[in-house]
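Chain by chain, the residues run as shown.
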Protein chains: 2
Amino acid sequence: MQNYRFAPETLGAQELAELDGAWRRCVGNLLRMTALAQSGHPGGSLSTLHALLLAFGNFAVDPRDPLAEPRDRILVSHGHISPGVYAVLAEQGFFPIEDALLSFRRAGTPFSGHVETAVPGVAWNTGNLGQGISAGVGQALACKLKGHDSRTLVLMGDGEQQKGQIAEARRFAVKFGLNRLIVFVDWNRLQISGRIEEVMPQDLPAEWTAAGFNVEIVEQGNDFAELYRVLRAAYRGEVLDPSRPTVVLARTTMGYGVPFMENQHGYHGNPPSLAQAREMLAHLGLPDDLAELQARRQPLGIGGAGPRHAPPRPPVELELGTPRDYAPETRTDCRSAYGNAMEDLARLNNQGPVPKVLAFCCDLETSVKLEKFHAASPGAYFESGIQEHHTAAMTSAVSREGFVPFFSTFGVFGVDETHNQNRLADINEATPKLVLTHCGLDVGEDGPTHQCIDFIPLVSSLFGFELYYPGDPNQCDRIIRTAAARQKPVMVCMGRSKVPVLLDAQAAPAFGGDYRFVPGRADVLRAGRDVTVLTFGPLLPVADAACRQLATEGIEARLLNMASLVPLDRDAVLAAARETKGLITVEDHNVRTGLGSLVAGVLADAGLGVPFVRLGVTDYGSSGPAAQLYAEQGLTAAGIVAAAKKLAGR
Amino acid sequence: MQNYRFAPETLGAQELAELDGAWRRCVGNLLRMTALAQSGHPGGSLSTLHALLLAFGNFAVDPRDPLAEPRDRILVSHGHISPGVYAVLAEQGFFPIEDALLSFRRAGTPFSGHVETAVPGVAWNTGNLGQGISAGVGQALACKLKGHDSRTLVLMGDGEQQKGQIAEARRFAVKFGLNRLIVFVDWNRLQISGRIEEVMPQDLPAEWTAAGFNVEIVEQGNDFAELYRVLRAAYRGEVLDPSRPTVVLARTTMGYGVPFMENQHGYHGNPPSLAQAREMLAHLGLPDDLAELQARRQPLGIGGAGPRHAPPRPPVELELGTPRDYAPETRTDCRSAYGNAMEDLARLNNQGPVPKVLAFCCDLETSVKLEKFHAASPGAYFESGIQEHHTAAMTSAVSREGFVPFFSTFGVFGVDETHNQNRLADINEATPKLVLTHCGLDVGEDGPTHQCIDFIPLVSSLFGFELYYPGDPNQCDRIIRTAAARQKPVMVCMGRSKVPVLLDAQAAPAFGGDYRFVPGRADVLRAGRDVTVLTFGPLLPVADAACRQLATEGIEARLLNMASLVPLDRDAVLAAARETKGLITVEDHNVRTGLGSLVAGVLADAGLGVPFVRLGVTDYGSSGPAAQLYAEQGLTAAGIVAAAKKLAGR
């Protein structure tokens, strides 16, 4: 089917006939897919099918070069309608339909149950409802920043509208005037458990109107002519207020065109039988090739239908500048060092018409020290309100658009609150930079709800992420520049308090001058052969004091700064285990799941049994200054000294 | 100040004078608190102060018996206005004001920066915005179920309205007709970063109207007479539609009554200086006792102002019934065993006017197998739509109201998406039962977005939670009954697939009959002295097959079922390490952070070095049947056999 680019004002008989033919083939193919896999979601695929065909048949997308710029983005948020998406993409020539028929929901192939970017034409991996619109908002923002005229279309389900994150995404889109964003809602009035009116009633037009969108209602969303008219108007900005984004609420029929599926919520997520599919193929005048396809599909086993990774994208070339040096007498916090480094990155990289380094924030600009970046590069700074779910998901999408976006908030909001958004970012092979302040107990006197003491296990659970924790402002500066250039998703955590500049044995800044931060490499702050203390962040000065105390008692402690928590420096851990009499981990983190757990893993994997003590947070903290909270949890120099003496046999 | 219970139709001169006096004292006390702590949030405390005084001065709450039933609930969602809350609670006689003045934001005391239930009169620990309303909805639902006429008031900030979770909570409240829920929004038009209109514009009346609430707007929210009139009407149900909940949007002034703070967003989270506080005390005609208070406060150190835990509550007495037995030939999934056990619990405990066991679900009733519970106890089943953030937070609140609530959804939605809600539940000492299906790669062919492979580290990070993973339907039945009776927050995870009934050495069901599930105790499924295989859940049959294969080759493997993941059976791990030649962990979970990591921790803590291999998920899975995905990740009997042979030196 050709791409009309919305040229005709209305669809003529020829176009309608062409569309009807394409529609029949797609219905047949999505039924084949789900019947062959005996799994999948035909109901929503069928109700959204007209919109999918009109979108891929009119938006500026090129099957021969799916990532060509500029292009429109078509993002399917209700990713479970993958059979419909694959059918339409194949119809438009993105890949041979056979690939999908033989591989849909087959292990090791890109034709997943929920759409993934490994499939040409798919703009974002979705599947967890409510997040797709945030990714689409990120793509629309990226296009706007690049000065493209392109549109972003986000197709969504109606049950999905219940997710709160959507309200956040809408507000951001309106605030930043993303008027080339078009949202399509497949309003078939059914969700898995039945009629939406009974499962969770919602007034969609009123909600979207209240959010400030143009609201266009399509009465027959499975009628090509009517749907075309409304989508064309939305595409051309012929709406009530062209400065605002637009939602198209299209009344559709679940299972449309397949009589036994129509308005049957059971077909939200259940396939037809092979016999049912066969009958429908006959009804549609399509060949019955199910037996042949099944015979070819069954022996295939795992994989073999193309790569499962998204196509690689060129790295963003950044000027990283010269690291800043903080002199020994400086007393500042790592947050400020982050802010200063970001100011440098803005001045070095954002002077052209299109900025390269972006910053996103959730109503904590001064707390996370982004004021200088904001001032230096106002067009690259985005205040997103108290909307962390949306912001995390949006940032990850922007990172795949040729930008280096930083998202900063407090640890609890960027780790605990948004773990699933970070997980989806990782699955999408996105490369956001999350710089989180107020981690650990070191949050000021805000109390346990604000203390993020589980960032290590949460980030460790994401296969692609790296996790750094600067020891002082000098190291923070260098970590931020490293993170900016890293072609990976990175999280940088830090506390709130001012910390001393760490010094080496010559009383010079340990991380100033030529020091280079290398992911996966620990810093030896003190040499020693008796015991090893492994720590990071705000407890470094405490550990250092303990080591000095131990030295006066004749115990030489090795002090390791594990600023790179993921990847961890396994060699440094193993060397410590072999060369010293015991290991002590000290952390402003849940003692069960933090650095101590990582070190335990290294020891156990190597089959090494050595005296080992973990010091950390053993229960939710109270509300007080960090030093008092550390004292409450035994995280003091005295506590470390006592543990070290025990290990050293004193 | 006496409690008027909204008896006067309007406030007379006497009441107004009394309120004005109370207001002055409270202003003085909240300024004292923040000035003494040099930390805290005076701005919103002052704008909400009139509402707080009218609420605690009219709703049915008793300072002498704060937990008496029936009572109204007053929940402060913007928990950072703790200085205002403590001032009003003390004014009403819940505790002496001195407690708060000397302890506000001091480590080890209950007077946290964000309100906590350890303070008498506080209904819920809040601090992470947007979650309080969900807890309030849970409390309102609980009151309704108990047949109480009581009201639930949720006080909220206006910046907070940006959080998406609020949209979810509103819908639930409307769907279930919680017309005794009153939400008060402190509409002072400022948030941390400045004017809301600039930070993140939002049309509050339109949004709440679209959600189906009665919307009452108070033009002068810092005027006792006007605010009283509207709150009284809301309290008495004198609103447009008395069958619906009501929101009161009150235009207020941040910093009201303290001239240098008024409309200054900088005072959202910054205290006055001692000099400024002194000046204001004089202005209000209050004694200047700051120096004396400071002298008494400074030497106090940590703690000493009452318990930091919420008051204990009586356990819910449940009938657990007789466990069901699944015969060796049975082929079912653990989900169905869960559903059957829940049906039993409903029949045994929900026959009276007030049900004891409740179930909450997010549009996955048939997938999580709650149909039988729903049918057996329709009044105790709550379909909450695709709204997991709200549902998790609400369920945790309900668990503190004399009910045993179960919340079931897929693992990714109940762990990854709602980790922060679960964290807040734990901090609130709530006891929800989260039963999550579709955990691990065993989710059907839905692909990586639906595979929850990090439940172990996430739940391990919550100090109060226990985590179980049944090995077969018999064990699942017993685990569910145990979880129901447990006075703790519990998560039970399970896969989607049908699994065989596990058999003991006599070919009888290993977990049938008299078997009792004991948290913290591993099950020895096979004895052996050569190597030990530790696993759980759907890989048990695979591991068992491996052990049988090994036996044919003369290697006797011990097989441990670690159904209790938290707490873990440390003794069983240590015994295996001492008695066999090596340990292999096998898991349908991220290999970095799962059972292998827990076992490594036990070994390292004991200083034991033994041959140790971890088998698990090493990258995001693809989309296919569980057996294929396990094969992709090397989680096969052959993989286990190979690892065991290596450990056993073959």
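*Asks:* Kindly report on the overall build of chain A, identifying the contributing residues and their values.
*Replies:* A tally of helices and strands in chain A yields 23 helices and 21 strands. Taking 26 Å as the expected radius of gyration for a compact globule of 650 residues, we find that chain A reaches 28 Å, a close match to that expectation. Put simply, of all contacts in chain A between residues at least 6 apart along the chain, 78% involve residues at least 24 apart. Here chain A has roughly 19,700 Å² of accessible surface; of this, 50% comes from carbon and sulfur atoms.

*Asks:* Which residues make up the sheet that holds strand β17 (residues 531-535) of chain A, and what values do they have?
*Replies:* All names here are of chain A. Overall, mixed pairing links the five strands, which are arranged β16-β18-β17-β20-β21 in an open sheet. Each edge of the open sheet carries a strand with a single partner, namely β16 (523-526) and β21 (612-617). Mean inter-strand twist for the sheet, computed between neighbouring axes without regard to direction, equals 25°.

*Asks:* I'd like a rundown of unusual backbone geometry, residues and numbers included.
*Replies:* Residues and elements named next belong to chain A. Residue Pro70 is reached from Glu69 by a cis peptide bond, and omega for that bond is -10°. Within the secondary structure layout, Pro70 lies in the loop between α2 (42-56) and β1 (73-76). Between Val566 and the following residue, Pro567, the backbone shows a cis peptide bond with an omega angle of 0°. One can find Pro567 in the loop between β19 (564-566) and α20 (570-579). The phi dihedral of Asn263 is positive, around 60°, even though this residue is not glycine. For Asn263, the location among the structural elements is in the loop between β7 (246-251) and α10 (274-283).

*Asks:* Give me the relation of the copies chain A and chain B: which residues, what numbers.
*Replies:* Expressed as a screw operation, the relation of chain A to chain B combines 0.0 Å of axial shift with a rotation of 180°, fitting to an RMSD of 0.0 Å. Here the copies are linked by what is in effect a two-fold axis. Mapped onto chain B, 100% of the interface residues of chain A are again interface residues, and the two copies thus contact each other with one and the same surface.

*Asks:* Describe the sheet that holds strand β18 (residues 557-561) of chain B, with residues and values.
*Replies:* All names here are of chain B. Ordered in space as β16-β18-β17-β20-β21, the five strands form an open sheet in which the pairing is mixed. At either end of the open sheet lies a strand with only one pairing partner, and these are β16 (523-526) and β21 (612-617). The average angle at which neighbouring strand axes cross in this sheet is 25°, direction not considered. Inspection of the sheet shows strand β20 (residues 583-590) paired to β21 by five bridges, in the parallel sense. Along β21, the bridge assignment pairs Val586 with Leu615. Contacting β16, β17 (531-535) and β18, helix α19 (residues 540-552) crosses the sheet at an angle of about 170° to β18.

*Asks:* Tell me what's going on with the interface of chain A and chain B, and back it up with residues and numbers.
*Replies:* Listed as interface residues are 105 residues of chain A and, on the opposing side, 106 residues of chain B. In total, about 8,300 Å² of surface goes out of reach between chain A and chain B, with carbon and sulfur atoms giving 52% of it. Per-residue buried area on chain A facing chain B is highest for Arg171, Phe463 and Tyr620 of chain A; these three make up 10% of the total on that side. One salt bridge in this structure joins Lys163 of chain B and Glu417 of chain A, with 2.7 Å as the shortest N-O distance. At the junction of chain A with chain B, the criterion picks out 73 residue pairs in polar contact (both at pLDDT 80 or more).

*Asks:* A description of the confidence of the model for chain A should follow, citing residues and the corresponding values.
*Replies:* Per-residue confidence for chain A gives a mean pLDDT of 97, with 100% of residues at or over 70. In the model output, the complex is listed with pTM 0.98 alongside ipTM 0.98.

*Asks:* Tell me about the packing of aromatic side chains, and name the residues and values.
*Replies:* All told, the structure shown has 44 aromatic pairs over all chains when counted by the stated rule. Ring geometry for Phe6 of chain A against Phe59 of chain A: centres 5.7 Å apart, planes inclined by 70°, an arrangement best described as edge-to-face. Of this pair, Phe6 of chain A sits in the segment before α1 (13-37) while Phe59 of chain A sits in the loop between α2 and β1, and the two are 53 residues apart along the sequence. In this structure Phe6 of chain A comes out as buried when scored by relative accessible area, which is 1%. Classification of Phe59 of chain A by relative accessible area gives buried; the value is 0%. On the numbers, 5.2 Å between centres and 85° between planes, the contact of Tyr86 of chain B with Phe111 of chain B is edge-to-face. Remark: Phe111 of chain B occurs in the loop between α4 (97-103) and α5 (132-145) and Tyr86 of chain B occurs in helix α3 (residues 82-91); sequence separation between them is 25 residues. Each member of the pair, Tyr86 of chain B as well as Phe111 of chain B, carries the same accessibility label: buried. Site record: aromatic cluster; members linked through ring pairs are Phe6, Phe59, Tyr228 and Tyr235 of chain A. Its guanidinium or amino end placed over the ring of Trp187 of chain B, Arg251 of chain B lies 4.3 Å from that ring's centre, counting from NZ or CZ.

*Asks:* Pulling in residues and values, what's your account of the pairing of β1 of chain A?
*Replies:* All names here are of chain A. What you see with β1 is no split at all: Arg73 and Leu75 on one side and Ile74 and Val76 on the other are buried throughout. Bridge count for β1 against strand β2 (residues 152-157) is four bridges, and the pairing is parallel. Paired with Leu75 across the bridge in β2 is Val154.

*Asks:* Which residues make up the packing of helix α12 (residues 334-349) of chain B against helix α18 (residues 473-485) of chain B, and what values do they have?
*Replies:* Residue and element names in this part refer to chain B. For the pair α12 and α18, the least separation of the axes is 8 Å and the interaxial angle reads 40°. Considering the angle they form, α12 stands oblique to α18. Considering only the axes of α12 and α18, their crossing is right-handed. In this structure, α12 uses Cys334, Ala337, Tyr338, Ala341, Met342, Asp344 and Leu345 to contact α18, whose residues at the interface are Pro473, Cys476, Asp477, Ile480, Arg481 and Ala484. Split by residue class, the contact of α12 with α18 holds ten nonpolar, no polar and three charged.

*Asks:* Describe helix α23 (residues 637-647) of chain A, naming the residues involved and giving the relevant values.
*Replies:* All names here are of chain A. Where α23 is concerned, the buried positions are Ile640, Val641, Ala643, Ala644 and Leu647. The arc enclosing the buried residues of α23, seen along the axis, measures out at 165°, which places them on a common side. Turned more than 90 degrees away from the buried face of α23 sit Ala638 and Lys646, all of them exposed. Once α23 ends, the next one or two residues include Gly649, with phi positive near 75°.

*Asks:* For the side chain of Asn420 of chain A, give the residues involved together with the corresponding values.
*Replies:* Looking at the secondary structure, you find Asn420 of chain A in helix α16 (residues 419-427). A distance of 2.8 Å separates polar atoms of two side chains, one belonging to Asn420 of chain A and the other to Arg423 of chain A. With residues near it in sequence (within four places) discarded, Asn420 of chain A still touches Asn128 and Gln131 of chain A together with Val412, Asp416 and Glu417 of chain B.

*Asks:* Now, about helix α1 (residues 13-37) of chain B: what can you tell me, with residues and values included?
*Replies:* In this model α1 of chain B runs 36 Å from its N-terminal to its C-terminal C-alpha over 25 residues, within 8% of the 36 Å that 1.5 Å per residue would give. Looking at the residues trailing α1 of chain B, positive phi occurs at Gln38 of chain B, about 50°.

*Asks:* Which residues make up the packing of helix α14 (residues 388-398) of chain A against α16 of chain A, and what values do they have?
*Replies:* Residues and elements named next belong to chain A. In contact at an axis separation of 9 Å, α14 and α16 are set at 10° when each is read in the N-to-C sense. Between α14 and α16, the interaxial angle falls into the category roughly parallel. Counting all contacts with α14, which are made through His389, Ala392, Ala393 and Ser396, the residues of α16 involved are Gln421, Asn422 and Ala425. When grouped by side-chain class, the residues that make up the contact of α14 with α16 number three nonpolar, four polar and no charged.

*Asks:* Describe the environment of Leu434 of chain A, with residues and values.
*Replies:* All names here are of chain A. For Leu434, the position within the fold is in strand β12 (residues 433-437). Judged by its relative accessible area of 3%, Leu434 falls in the buried class. As for Leu434 and Ala375, which are separated by 59 residues in sequence, their C-alpha atoms are 20 Å apart. Other than its neighbours up to four places away in sequence, Leu434 contacts Phe407, Gly414, Asn422, Phe465, Val490, Met491 and Val492.

*Asks:* Would you mind going over the nonpolar core in detail, with residue names and values included?
*Replies:* Ranked by internal contacts, the top residues of the largest apolar core, which has 304 residues, are Phe455 of chain A together with Phe455 of chain B. Beyond its immediate sequence surroundings of up to four residues, Phe455 of chain B is in contact with Val415, Cys439, Gly440, Leu467, Tyr469, Cys493, Phe536, Leu565, Asp588 and His589 of chain B. Membership of the second largest hydrophobic core comes to 67 residues, among which are Ala37, Val218, Leu227 and Leu284 of chain A.

*Asks:* Please give an account of the side chain of Asn340 of chain B that cites residues and values.
*Replies:* Residue and element names in this part refer to chain B. With respect to the secondary-structure elements, Asn340 resides in helix α12. Judged by relative accessible area, Asn340 falls into the buried class, the value being 9%. Apart from residues lying up to four places away in sequence, Asn340 is in contact with Arg324, Tyr326 and Lys372.

*Asks:* An account of the pattern of salt bridges is requested, with residue identities and associated values reported.
*Replies:* All told, the structure shown has 80 salt bridges over all chains when counted by the stated rule. A salt bridge links Lys146 of chain B to Glu69 of chain B, with the nearest nitrogen and oxygen atoms 2.9 Å apart. Taken together, the residues span a long stretch of sequence, with Lys146 of chain B in the loop between α5 and β2 (152-157) and Glu69 of chain B in the loop between α2 (42-56) and β1 (73-76) at a distance of 77 residues. Residue class for Glu69 of chain B comes out partly exposed when judged on its relative accessible area of 39%. With a shortest N-O distance of 3.4 Å, Arg548 of chain B and Asp544 of chain B are connected by a salt bridge. With Arg548 of chain B and Asp544 of chain B both in helix α19 and four residues apart, this pair spans about one turn of that helix. For Arg548 of chain B, a relative accessible area of 45% gives the class partly exposed. Because the salt bridges share partners, they merge into one network encompassing Arg324, Glu343, Asp344, Arg347, Asp477 and Arg481 of chain A.

Conventions we followed
- Residues numbered from 1 in each chain as written.
- Chains lettered and ligands numbered in written order.
- Predicted model: local features only at pLDDT ≥ 70, side-chain atom pairs only at ≥ 80, totals over all residues.
- Heavy atoms only, no water.
- Helix = DSSP H or I, 4+ residues; strand = E, 2+ residues; numbered from the N terminus.
- Rg over C-alpha atoms; globule rule 2.2 N^0.38 Å.
- Contact = heavy atoms within 4.5 Å.
- Areas by Shrake-Rupley, 256 points an atom, 1.4 Å probe, with all protein chains shown as cover.
- Pairing = 2+ DSSP bridges.
- Axes fitted to C-alpha atoms, helices over the stretch in contact; angles between N-to-C directions.
- Least-squares fit on C-alpha atoms with pLDDT ≥ 70 in both.
- Buried area = accessible area lost by both parts, 1.4 Å probe.
- Salt bridge = Lys/Arg side-chain N within 4 Å of Asp/Glu carboxyl O.
- Polar contact = N/O pair within 3.5 Å; in protein donor to acceptor, adjacent residues only side chain to side chain.
- pLDDT = per-residue confidence, 0-100.
- Phe/Tyr/Trp six-rings, centres within 6.5 Å; stacked < 30°, edge-to-face > 60°.
- Buried < 20%, exposed > 50% of the residue type's maximum accessible area, 1.4 Å probe, protein only.
- Lys NZ or Arg CZ within 6 Å of the ring centre and 35° of its normal.
- Parallel < 35°, antiparallel > 145°, perpendicular 65-115°, else oblique.
- Left-handed = near helix turned anticlockwise from the far one by under 90°.
- Nonpolar A, V, L, I, M, F, W, Y, C, P; charged D, E, K, R; others polar.
- Arc of directions from axis to C-beta.
- Expected span 1.5 Å × (residues − 1).
- Core = buried A, V, L, I, M, F, W, Y, C linked by side-chain atoms within 4.5 Å.

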